[in-house]
Amino acid sequence: MDLKAVKLLLEKNAKKTWNPLGVKEEYCSMWAEGMNFPERGEVLLYTGCLYQMIPYIDMFARLLKGFESMNPALFGIAMKINALADSLGLDTISLLASLEISKKDKERYFRIVRSIANALLSAGVKFAYMREEPYSGVLYHDLGMDDLFREHVMRLAKKIKETGARKVITIDPHTTYMLNYLIKEFVDDFEVEVVHYMDVLLERGYTPKVRGPKEVVIHDPCYLARWNGVIDQPRVLLSRAGVKVREPEFTRKFTGCCGGPIESLFPSLSSKLARKRMKELKETGSPCFTVMCPICLTNFQREARELGVRVFDIMEVIE
Amino acid sequence: MTDLTGVSQLLNKVSDDPVLRTALDRAISSYWKKRKQVMERYPYVKELADEVRRIKEWSIDHMDKLLDKAIEAVEAKGGKAYVAETAEEARKIVGELVGTGKVVTKAKSMTTEELKLREFLIERGNEVYETDLGEFLVQFLGPKPMHFISPSIHLTREKVAEFLKDFMGVEVDKDDVEGMVALVRKFLRDKYFSADVGISGANAFAADRGAVFLIENESNIRLSISLPPKHIAVVGMEKIVPTMSDAWKVVEVISRYGGYKVTSYINTVMGPARRGDGDIGPEEYHVIFLDNGRREASKDPILKQTLYCLRCGACQYLCPVFGIVGGYWAGLESAYSGGIGVMWEYITGDKETSTQHAFACLLCGRCIEACPVRINQPEVLREIRRRLMERI
Ligand code: SF4
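Residues numbered from 1 in each chain as written. Chains lettered and ligands numbered in written order. Predicted model: local features only at pLDDT ≥ 70, side-chain atom pairs only at ≥ 80, totals over all residues. Heavy atoms only, no water.

A look at the overall build of chain B
Part 1: The number of helices and strands found in chain B is 19 helices and ten strands.
Part 2: Rg of the C-alpha trace for chain B: 20 Å, near the compact-globule value of 21 Å for 392 residues, within the 12% margin.
Part 3: Oriented by its inertia axes, the alpha-carbon framework of chain B measures out at about 60 × 55 × 45 Å.
Part 4: Split into buried and exposed, the 392 residues of chain B put 62% on the buried side.
Part 5: The long-range fraction of contacts in chain B, counting pairs at least 24 apart against all pairs at least 6 apart in sequence, stands at 76%.
Part 6: When the accessible area of chain B is evaluated, it comes to approximately 15000 Å², of which 49% is carbon and sulfur surface.
Part 7: In chain B, 55 side chains carry a positive charge and 57 a negative one; their mean positions are 3 Å apart. (Helix = DSSP H or I, 4+ residues; strand = E, 2+ residues; numbered from the N terminus. Rg over C-alpha atoms; globule rule 2.2 N^0.38 Å. Buried < 20%, exposed > 50% of the residue type's maximum accessible area, 1.4 Å probe, protein only. Contact = heavy atoms within 4.5 Å. Areas by Shrake-Rupley, 256 points an atom, 1.4 Å probe, with all protein chains shown as cover. Lys, Arg positive; Asp, Glu negative; His and termini not counted. Charge placed at Lys NZ, Arg CZ, Asp CG, Glu CD.)

Some thoughts on the overall build of chain A
Part 1: Across its full length, chain A carries 15 helices and seven strands.
Part 2: Per-residue burial over chain A gives 63% buried out of 319 residues.
Part 3: Look at the contacts in chain A between residues 6 or more apart in sequence, and 80% of them connect residues 24 or more apart.
Part 4: With the model as given, the accessible surface of chain A reaches about 12700 Å², and the carbon-plus-sulfur share is 52%.

Details of the interface of chain B and chain A
Part 1: Contacts between chain B and chain A engage 42 residues on the former and 35 residues on the latter.
Part 2: Here chain B packs against chain A, burying approximately 3500 Å² in sum over the two surfaces, 63% of which is carbon and sulfur.
Part 3: Considering only the surface of chain B that becomes buried against chain A, L362(B), R366(B) and M389(B) emerge as the three largest contributors, covering 18% of it.
Part 4: Linking chain B with chain A are three salt bridges.
Part 5: Where K36(B) meets E249(A), a salt bridge forms, and the shortest distance between an N and an O atom there is 2.4 Å.
Part 6: On the surface where chain B and chain A come into contact, there are 17 residue pairs in polar contact (both at pLDDT 80 or more).
Part 7: Breaking the side of chain B that touches chain A down by element, the ones donating at least two residues are α1 (5–15), α2 (18–41), α15 (320–325), α18 (366–370) and α19 (377–389) of chain B.
Part 8: Partitioned by chemical class, the residues of the side of chain B that touches chain A number 21 nonpolar, nine polar and twelve charged. (Buried area = accessible area lost by both parts, 1.4 Å probe. Salt bridge = Lys/Arg side-chain N within 4 Å of Asp/Glu carboxyl O. Polar contact = N/O pair within 3.5 Å; in protein donor to acceptor, adjacent residues only side chain to side chain. Nonpolar A, V, L, I, M, F, W, Y, C, P; charged D, E, K, R; others polar.)

Some remarks on the site of the ligand
Part 1: Around the ligand there are 13 residues in total, and C309(B), L310(B), C312(B), C315(B) and C371(B) lie nearest to it.
Part 2: Among the residues forming the shell around the ligand, the class breakdown is ten nonpolar, two polar and one charged. (Near = heavy atom within 4 Å.)

Digging into the packing of helix α13 (residues 267–282) of chain A against α1(B)
Part 1: Closest axis-to-axis distance for the α13(A)/α1(B) pair is 9 Å, and the angle between their directions is 30°. The handedness of the crossing between α13(A) and α1(B) is left-handed. Contacts from S268(A), L269(A) and K272(A) in α13(A) reach L11(B), N12(B) and S15(B) in α1(B).
Part 2: For the contact of α13(A) with α1(B), the class distribution of residues is two nonpolar, three polar and one charged. (Axes fitted to C-alpha atoms, helices over the stretch in contact; angles between N-to-C directions. Left-handed = near helix turned anticlockwise from the far one by under 90°.)

Some points on helix α12 (residues 232–240) of chain A
Residue and element names in this part refer to chain A.
Part 1: For α12, the complete set of buried residues consists of Q233, P234, R235, L237 and L238.
Part 2: On its buried face, α12 sits against α10 (197–203), β4 (215–218), β5 (244–246), β6 (288–291) and α15 (314–317).
Part 3: Count one or two residues on from α12 and you reach G242, which has phi positive near 85°.

Focus on the state of the cysteines
Residue and element names in this part refer to chain A.
Part 1: Under the defined criterion, the tally for this structure stands at one disulfide over all chains.
Part 2: Two residues, C28 and C49, share a disulfide whose sulfurs are 2.0 Å apart. Between C28 and C49 the sulfur-sulfur dihedral comes to about -80°; the bridge is accordingly left-handed. Note that C28 is positioned in helix α2 (residues 25–28) and C49 in the loop between β1 (43–46) and α3 (50–68), a separation of 21 residues in sequence. An identical accessibility class is assigned to C28 and C49; each is buried.
Part 3: Looking at C222, it has no disulfide partner, and the nearest cysteine sulfur is the one in C257, 3.9 Å off.
Part 4: On the accessibility criterion, C222 (7% relative accessible area) is buried. (Disulfide = S-S within 2.5 Å.)

A word on the packing of aromatic side chains
The description of an aromatic ring pair rests on the distance of the ring centres and on the angle between the ring planes.
All names here are of chain B.
Part 1: Throughout the structure, instances matching the rule amount to 29 aromatic pairs over all chains.
Part 2: Between the aromatic rings of F163 and F167, the centroid separation amounts to 5.2 Å while the plane-to-plane angle is 35°, which identifies the pairing as tilted. Here F167 and F163 lie together in helix α9 (residues 157–168), a separation of four residues that amounts to about one turn.
Part 3: For F167, a relative accessible area of 31% corresponds to the partly exposed category.
Part 4: Through pairs of rings, three or more aromatic residues link up here, namely Y129, F136, F140, F163, F167 and F187. (Phe/Tyr/Trp six-rings, centres within 6.5 Å; stacked < 30°, edge-to-face > 60°.)

Here we look at the layout of surface pockets
Picture a little ball the size of a water molecule; that probe, rolled over the atoms, points out where space is still empty.
Residue and element names in this part refer to chain B.
Part 1: Volume-wise, the largest pocket comes out at about 1500 Å³.
Part 2: Taken together, 47 residues form the lining of the largest pocket, with I149, S150, S152, E218 and Y260 sitting closest to its centre.
Part 3: Elements represented by at least two residues in the lining of the largest pocket include exactly α2, α6 (110–114), α8 (133–141), α9, α10 (177–194), β6 (211–216), α11 (220–226) and α12 (244–257).
Part 4: The element best represented in the lining of the largest pocket is α2, accounting for six residues. (1 Å grid on protein atoms, 1.4 Å probe; cavity = no way out; pocket = protein on both sides within 12 Å on 5 of 7 lines; lining within 4 Å. Points joined across faces, edges and corners; volume = space filled by probe spheres on them.)

Concerning the domain arrangement of chain A
All names here are of chain A.
Part 1: For chain A, the domain assignment lists domain 1 (3–202) and domain 2 (207–317).
Part 2: In this complex, domain 1 contributes 33 residues to the contact, which on the side of domain 2 involves 33 residues.
Part 3: Taken over both partners, the interface formed by domain 1 and domain 2 buries close to 3000 Å², and the fraction arising from carbon and sulfur atoms is 65%.
Part 4: Taken as a group, P173, M198 and L202 account for 20% of the area that domain 1 buries against domain 2, more than any other trio of residues on that side.
Part 5: The tally of links from domain 1 across to domain 2 stands at two salt bridges.
Part 6: In this assembly, domain 1 and domain 2 are joined by ten residue pairs in polar contact (both at pLDDT 80 or more).
Part 7: Taken together, the elements giving at least two residues each to the side of domain 1 that touches domain 2 come down to α1 (3–17), α3, α6 (103–122), α9 (173–186) and α10.
Part 8: In terms of residues, the side of domain 1 that touches domain 2 owes the most to one element, α3, which gives ten residues.
Part 9: Its residues assigned to classes, the side of domain 1 that touches domain 2 shows 20 nonpolar, five polar and eight charged. (Domains from an automatic or database assignment.)

Comments concerning the nonpolar core
Part 1: One finds L120(A), L179(A), Y197(A), F205(B) and F289(B) to be the most contacted residues of the largest nonpolar core, which totals 217 residues.
Part 2: Once residues within four sequence positions are removed from consideration, L179(A) is found in contact with Y46(A), L156(A), I160(A), V168(A), T170(A), K184(A), F190(A) and V194(A).
Part 3: Among the nonpolar cores identified, the runner-up in size contains 19 residues, and A87(B), V104(B), L117(B) and V234(B) belong to it. (Core = buried A, V, L, I, M, F, W, Y, C linked by side-chain atoms within 4.5 Å.)

Below, the structure is given as structure tokens:
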């Protein structure tokens, strides 16, 4: 993988769509069609689009893994040409548009987001939601592309401000961490309170119902457990719903990474890391995994069939 | 420079090696078990580790002042102190002190690996022996020390038995680890007595008394630095702490986080043997303080925390990437391994290669939980990425 090509590609996609994979903002909000959320309000639900992007991330990952095994010289040239000249049909935006993403696939991730929103509504939380919801920008920061990240989050901060929100509810660990900590280094007057949806549900005394398996092994997402300190919350919610939880050897603050974060640069290594972690989870004796992060979800999901396990987002286990 | 293909191919290839995977799996699960026992048995070490963090913060902020004090203390005791700005300079000083045609015994030391000192001395016509069992294996089997405290972490006992059988020409039982240790020990015993120079690093250095602290489990260090008439200690400048009591705290934390319930020996060396006092030990004590990028890093607000590193190896054991590629992460040319290895290499060695390797970090943060002094490796590695991405 050539970093220069990656950088150019991300910049190009960002310029066209404000999204690293060229996913459009109206797509990010599609799950909410017909739910009639107000666009302005004291409390804002901000998804960061990561769940919605899973089918695209997945598609892209498969593509990259194919490239990785190509002759490196050829691959380097292809990436350069792609980024510089949009030729060879490798432009990700047109490429992703041309590959049909199955309706079933999209629907699964939309349903997770909808299920979070519905739980919040049932818990009596009123919130606004953006019609065209921007991505969080966290990938740019991970890769060290601070200029692009700054530009991205300044626009995001402005859009959040325009909704009038004083409190933002987030639904994935990466976006939560970004809004809680990173954005403050780049945007001066970002003064909204940021809370993870599980905290909101617990604060409201919400008791979820079982909707999936009655027993699961829990995988703490690194960013949720270590960087945001959200560890007991999913356990409490699962136990309130009566779901039995098994703990792997490496758990809570010592949880093991799913490998997802290096998937774009080292796809094969990433999938080996996923498999190793999944073996640890499987050793608990439960073939049903629950995760609370879209990156863990997609990275595990890709290996699930081969390992004979099923991977659920927590909001597929309870509702 | 921006093409990661080489790094990706290297890491991919080694992560498929079943021997490496078996060796790492065994070492990691044994470490994790020991770590839990240590934390249960010595609950105070967490607090002690926090204190060590404060000692290191202060020491790195006052590196120059501490260095002056350390030099003064070494010389007051009749030792000789040197400052080496670069690896080249350090090699030159050691080269002159050792000469050629000599026998040298070495204690395990990452800092001398950073200098590629063994290779350098051998090239100059000396006979050099690593006396730590793991490091001894690395000397003959390569490719490099793969972990801070367990340099042969990549080798299975089956592999080691095979090697010793050839090397020593005797039958070796692969399940008799003690027996293998005894074999190497016997081989080295003669070397200690014929050695002209003993070379060590330092786990900590107390500026007030000019004392080197060395932790060990095999008693090889004691022999390799006290029997030869000359002791040379190569000390990275980040190792200097103000007092003896600070240094004791540092070594206890290193050995606990390294997974030791009991560390067999801790040596402190404060100067050459004084004749007539009945002291035994070398007549010459030379301490080389090594900069090689450390002073510059100590002034860098983000890189600086790398210098708090005690080289206990805890983060390497618990890093998911290290768990499948071992010390190949940071590259074969680097003495250092893993995410923290990438940071050390960036400071002391090859910035280009280490920058490429920085992209293999997951930013998952388990290293921070593992680390006694809570070094934020993701923050540093991301910063190294940023410095490249900004330029290209
Ligand atoms: S970074 Fe921390 S855990 Fe890793 S070797 Fe250094 S001191 Fe030990």
